[in-house]
Amino acid sequence: MPRFLRLIINIVVLSALLVISQQVWAQDWRPVRGGIPFGISGMALIEQQSNSLDFLIAHDNKQKNQGRLAIISIKGKNQLEYFPLSWPNNIELPIDLEALTSVPEKTKFSFIGLTSSGKAYYIRLEPANKTISIIKEFNLPGIIQGNNFEAFGLQNIDGKLVTIWGHRGEGEQLATIFWGIFDLAKYEITLAGSANLKVPFPSGNVRHISDIKVDPVGIVYITSASDAGDDGPFQSAVYVAGYLGFRGNKIAWRQNSQLVPLYRSDYHKIEGMELVPGAEGGVIVGTDDENLGSYVYIVGGNS
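These numbers come from a predicted model, not from an experiment.

(A) Spotlight on the overall build of the protein chain. If you tally the helices and strands in the protein chain, you get 1 helix and 21 strands. Per-residue burial over the protein chain gives 51% buried out of 303 residues. Counting contacts in the protein chain only where the partners sit at least 6 residues apart, residues at least 24 apart contribute 49% of the total. For the protein chain, the exposed surface amounts to about 14,700 Å²; the carbon and sulfur share of it is 51%.

What follows is the structure, encoded as C-alpha cells:
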C-alpha cells in the first residue's frame, strides 16, 4: 500500500476515534462497577452538598454472596466512589430488590426498598459508619399473581404521605401504576387507585415502567427500558407520566395522554432514577447494563 494512502487511512481512523471519544466524554456517563451483580435497580438521594451528591443504590441480586445496597458518591469531576453495605444478619436477604425511595419526614437517612414481589423494607442508614438497620418489613396492598414491581416513590403532598408504585409490564402487556396513602406509624398503605400505562419508546421487549418518582407538587416521572440480552443492545427513556394530587380528601391520578420522552438513550438500560433539586441537580439516572455493569448520568445537571 502506498505510504500516502496509509497516511490518509490513519488520519481518517484517528479522526473517527477522536470524534467518538469526544461524544462519549460529552455524554458524561459515570461508570459505577462492572458485571451483572452491580447493576443499579433503584436509587435515592442521601445527601446533597456543595459539589457532591451521595446516593443509596439497590442491586437486584438473588444469591447470598451478592450485595443488596451500596452508597455511591459523586464529587465534581472526580472518579465516582462506591461503598458496599452489609445487610443486617438478623434479617433475611431480600430477593430481587428493585426500587428505593427516601422517606420525606423529619428523620434523615430513612428509606424504603421494594422487591419485585411487593415486599417492602423500611431502612435506616447510618452514613458515618456506613451501616443499615431494618426498622420494619411489610407488603404492598392488593398484590395479584403476575405482578412484577420495579418502581416505588413517596412524597409529602398537602401534608399527607402519598405513595406511588408500578408493575413494570412488558412488551404488549401494559404497566400498571398504583397509588395510595402511607401511614408511617402503622407501616400500612391504603390503596386508592390504579391505571394502566404504555410508553411509545422503547418498543419491543420494553418494561414500560422501570422506576418512578414524584416531586413535591405531584408531578410523576417514570423511566422505561428494554434490552435484547445480557450484552444489549439497550434502550431507555424518561417521561412525565402524569400528576398525583388531592380532590377534596381523595388522592387522584391524572395521566399524561401524550407521553413525551424528556430523555432517551440507545446504549443504556435505566432502572434507577432520583430527582435532585438545585443548580447542581437534575434527573439522575442509574443503569443495569447486565454484563456491562452500571453507570449514572445527570440528565439535567451541570456536567
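(B) Highlighting the environment of Gly 193. Along the chain, Gly 193 falls in strand β13 (residues 188-197). The buried category is assigned to Gly 193, whose relative accessible area is 18%. Separated by 58 residues in the primary sequence, Gly 193 and Ile 251 have C-alpha atoms spaced 8.6 Å apart. In contact with Gly 193, not counting residues within four places along its chain, are Ile 177, Phe 178 and Trp 179.

(C) Examining unusual backbone geometry more closely. Note that the residue after Phe 201, namely Pro 202, is joined by a cis bond; omega there is 0°. Looking at the secondary structure, you find Pro 202 in the loop between β13 and β14 (206-214). Backbone torsion omega between Gly 232 and Pro 233 reads 0°, so that peptide bond is classified as cis. Structurally, the position occupied by Pro 233 is in the loop between β15 (219-227) and β16 (234-247). For Tyr 187, which is not a glycine, the phi torsion comes out positive at approximately 55°.

(D) Representation of the packing of aromatic side chains in the model. The tally for this structure, following the rule as stated, stands at 11 aromatic pairs. Summarising the aromatic geometry, the rings of Phe 138 and Tyr 187 are spaced 6.4 Å apart at their centres and angled 35° between planes, so their arrangement reads as tilted. Here the residue Phe 138 occupies a position in strand β9 (residues 131-139), and Tyr 187 occupies one in the loop between β12 (175-183) and β13, the gap between them amounting to 49 residues. Take Phe 138: its relative accessible area is 8%, and that puts it in the buried class. Judged by centre distance (5.7 Å) and plane angle (10°), the ring pair of Trp 165 and Phe 178 falls under stacked. Taken together, the residues span a long stretch of sequence, with Trp 165 in strand β11 (residues 160-167) and Phe 178 in strand β12 at a distance of 13 residues. Take Trp 165: its relative accessible area is 0%, and that puts it in the buried class. In this structure an aromatic cluster arises from ring pairing among Tyr 122, Phe 138, Phe 182 and Tyr 187.

(E) Fine view of the nonpolar core. Within the largest apolar cluster, 25 residues are counted, with the highest numbers of intra-cluster contacts made by Ile 164, Ile 177, Val 220, Ile 222 and Trp 253. For this core, the elements supplying multiple residues, two or more each, are β10 (149-157), β11, β12, β13, β14, β15, β16 and β17 (250-255). A per-element tally of this core places β16 first, with 5 residues. If we ignore the near neighbours within four places in the chain, the residues touching Ile 177 are Ile 164, Trp 165, Gly 193, Ser 194, Ala 195, Leu 197, Ile 209, Ile 212, Ala 241 and Trp 253. Among the nonpolar cores identified, the runner-up in size contains 17 residues, and Leu 56, Leu 85, Trp 87 and Ile 134 belong to it.

(F) View of the sheet that holds strand β7 (residues 110-115). Strand order in the open sheet formed by 4 strands is β6-β7-β8-β9, and the pairing between neighbours is antiparallel. Each edge of the open sheet is held by one strand with a lone partner, namely β6 (97-102) and β9. Each neighbouring strand pair of the sheet contributes to a mean axis angle of 25°, computed without reference to strand direction. Where β7 and strand β8 (residues 119-126) come together, 5 bridges link them in antiparallel fashion. In the sheet register, Phe 111 faces β8, and the bridge partner there is Ile 123.

(G) Representation of the pattern of salt bridges. Summed over all chains, the structure comprises 15 salt bridges. The residue Arg 168 makes a salt bridge to Glu 150 at a minimum N-O spacing of 2.9 Å. In this pair, Arg 168 is assigned in the loop between β11 and β12 and Glu 150 in strand β10, connecting sequence segments 18 residues apart. Overall, the relative accessible area of 0% leaves Glu 150 in the buried class. Its salt-bridge partner being Lys 213, residue Asp 211 comes within 3.7 Å of it at the nearest N-O pair. If you follow the salt bridges from partner to partner, you end up with Glu 150, Arg 168, Glu 170, Arg 207, Asp 227, Lys 269, Glu 271 and Glu 290 in one network.

Reading guide: rules and limits
Residues numbered from 1 in each chain as written. Predicted model: local features only at pLDDT ≥ 70, side-chain atom pairs only at ≥ 80, totals over all residues. Heavy atoms only, no water. Helix = DSSP H or I, 4+ residues; strand = E, 2+ residues; numbered from the N terminus. Buried < 20%, exposed > 50% of the residue type's maximum accessible area, 1.4 Å probe, protein only. Contact = heavy atoms within 4.5 Å. Areas by Shrake-Rupley, 256 points an atom, 1.4 Å probe, with all protein chains shown as cover. Phe/Tyr/Trp six-rings, centres within 6.5 Å; stacked < 30°, edge-to-face > 60°. Core = buried A, V, L, I, M, F, W, Y, C linked by side-chain atoms within 4.5 Å. Pairing = 2+ DSSP bridges. Axes fitted to C-alpha atoms, helices over the stretch in contact; angles between N-to-C directions. Salt bridge = Lys/Arg side-chain N within 4 Å of Asp/Glu carboxyl O.

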